[in-house]
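# Fold and geometry: a report
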Amino acid sequence: MKYTFEKAEKSTVKITIKLTEKEWKEAINKAYEKTKGRYSMPGFRKGKVPKHLLESTYGTGIFYEDAINIAFPEYYGEVLDKEPSIEVIAQPEIDIKDISDKGITILAVVAVKPEVKLGAYKGITFEKKVYNVKDEDIDADLARLQERNSRMVEVTDRAVADGDTVIIDYSGSVDGVKFDGGTAEKQTLVIGSKSFIPGFEEQIIGMNVGDEKDINVKFPDEYHAENLKSKDSVFAIKLHEIKKKELPELNDEFVKEAVGAETLEVYKTEVKAKLEKQNADKAERELEDEIIKKITETTEVEIPDALIERQIDNMVQEMAYRLSYQGLKLEDYLKYMGKTMDEYRKGYEDQAKEIVKSQLVIEQIIEAEKIEATDDDVKARVEEMAKAQDKPVPDIEKNMGARQLDYIKNEIIIKKFFELLKSVNEIK
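Treat the numbers as computed from the prediction; the structure is a model and nothing was measured. (Residues numbered from 1 in each chain as written. Predicted model: local features only at pLDDT ≥ 70, side-chain atom pairs only at ≥ 80, totals over all residues. Heavy atoms only, no water.)

Right, let's talk about the overall build of the protein for a bit. Secondary structure summary: the protein contains 13 helices and 13 strands in total. The C-alpha radius of gyration computed for the protein amounts to 34 Å, which surpasses the reference 22 Å derived for 428 residues by more than 25%, pointing to a less compact arrangement than a globule. The principal-axis extent of the C-alpha atoms belonging to the protein is close to 100 × 65 × 45 Å. Within the protein, the proportion of its 428 residues that are buried is 34%. Within the protein, contacts between residues at least 6 apart in sequence are counted, and of these 66% link residues at least 24 apart. Total accessible area on the protein stands at roughly 27400 Å², and carbon and sulfur atoms take up 47% of it. Across the protein, the mean location of the 69 positive side-chain charges is 5 Å away from that of the 89 negative side-chain charges. (Helix = DSSP H or I, 4+ residues; strand = E, 2+ residues; numbered from the N terminus. Rg over C-alpha atoms; globule rule 2.2 N^0.38 Å. Buried < 20%, exposed > 50% of the residue type's maximum accessible area, 1.4 Å probe, protein only. Contact = heavy atoms within 4.5 Å. Areas by Shrake-Rupley, 256 points an atom, 1.4 Å probe, with all protein chains shown as cover. Lys, Arg positive; Asp, Glu negative; His and termini not counted. Charge placed at Lys NZ, Arg CZ, Asp CG, Glu CD.)

Another point: the nonpolar core. Core analysis: the largest hydrophobic core is formed by 29 residues, its most contacted members being Ile15, Ile17, Leu19, Trp24, Leu54 and Phe63. Within the residue set of this core, elements represented by two or more residues are β2 (12-19), α1 (21-35), α3 (64-82) and β4 (103-111). Sorting elements by how many residues they give to this core places α3 first, with eight residues. The residues touching leucine 19, leaving out its near neighbours within four places in the chain, are Met1, Trp24, Ala71, Tyr75, Gly103 and Ile104. Listed in part, the 25 residues of the second largest apolar core include Val378, Met385, Ile412 and Leu421. (Core = buried A, V, L, I, M, F, W, Y, C linked by side-chain atoms within 4.5 Å.)

Right, dumping it as structure tokens:
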């Protein structure tokens, strides 16, 4: 085998592989041995037809395609082993430049890791935001705790008010004719939730248990049911129950029962510490995002289409995953949005480019600064995990696979990466 390679545009490399007559015939013979079971001829059992007879009958090129599929991966892999500078990031596109019984010449165009020309990443001034915890932040947290521990109580001494939960029967009609989906019994509705047609909930306010009432509403112009769009309708309502949310009183006894805090004041202190930690983490994430953004802006790199497409694949897959949790399929979501898959992927293109460029910048700085996760780093991280889970270190280690180990190493490297950038730049 002889080969040559040269850099091309858009971070690609052209590799030309030329096989000798002997190498090519070996590949053809392998193709014959692999596929001979497909063929039969009069006088021969299936799989026993001689190679020369098949070639004379069907043409000398009968085994070429299979021979290429056998030979190319082998010799292409050999080239990559010999040329470690070619960092392949995608499957190659191949073109047969010359082929005959005397040999074959294959051109492979392959996307490679692009050259990254880093801009300045040291001596830059960054501003770090500070988020202070306010009294209203603590009050909001306490309110959420009350909300989680609230209970519904029946109301019998007054009419429906905004915020109540009611149990109703309803039956809707348009021009005196009932429509599909417009009738229900013992339906639960939160007044003010705006989960029904505009104007529906407001007209229930003031009703008492046992009341029956007709209310008039108009379906929205953009309603999902075509036959009901913009139509005036009448709903016959019967009110069965009124319930209201009752919040527990915020005192020492409540917080002790709900979260195990000794007193309300102790819990407020704990809440403040928790919110301060959240704010500090938020400020740190924003600073790190700003550092990467500014460094990336001054970096020059020609991003291969293969990397962008791979990132878009990841983003589309992530969206499909999130939709599945809501019981939706991506195909149905696209129909609802009125978009094709190509149009949807196009919408991710700019964001994907930014993400890929940021990743390349991070990788280049890590390489330039020789940042790595040592065995001691990994050991210390595993000990932290064991302590957090209240388990012996050997128990953590025995359940740790290669993927989790790689994740830990990457986590350590990224942490060191940001620690370095913060130390070599000015943070105000």
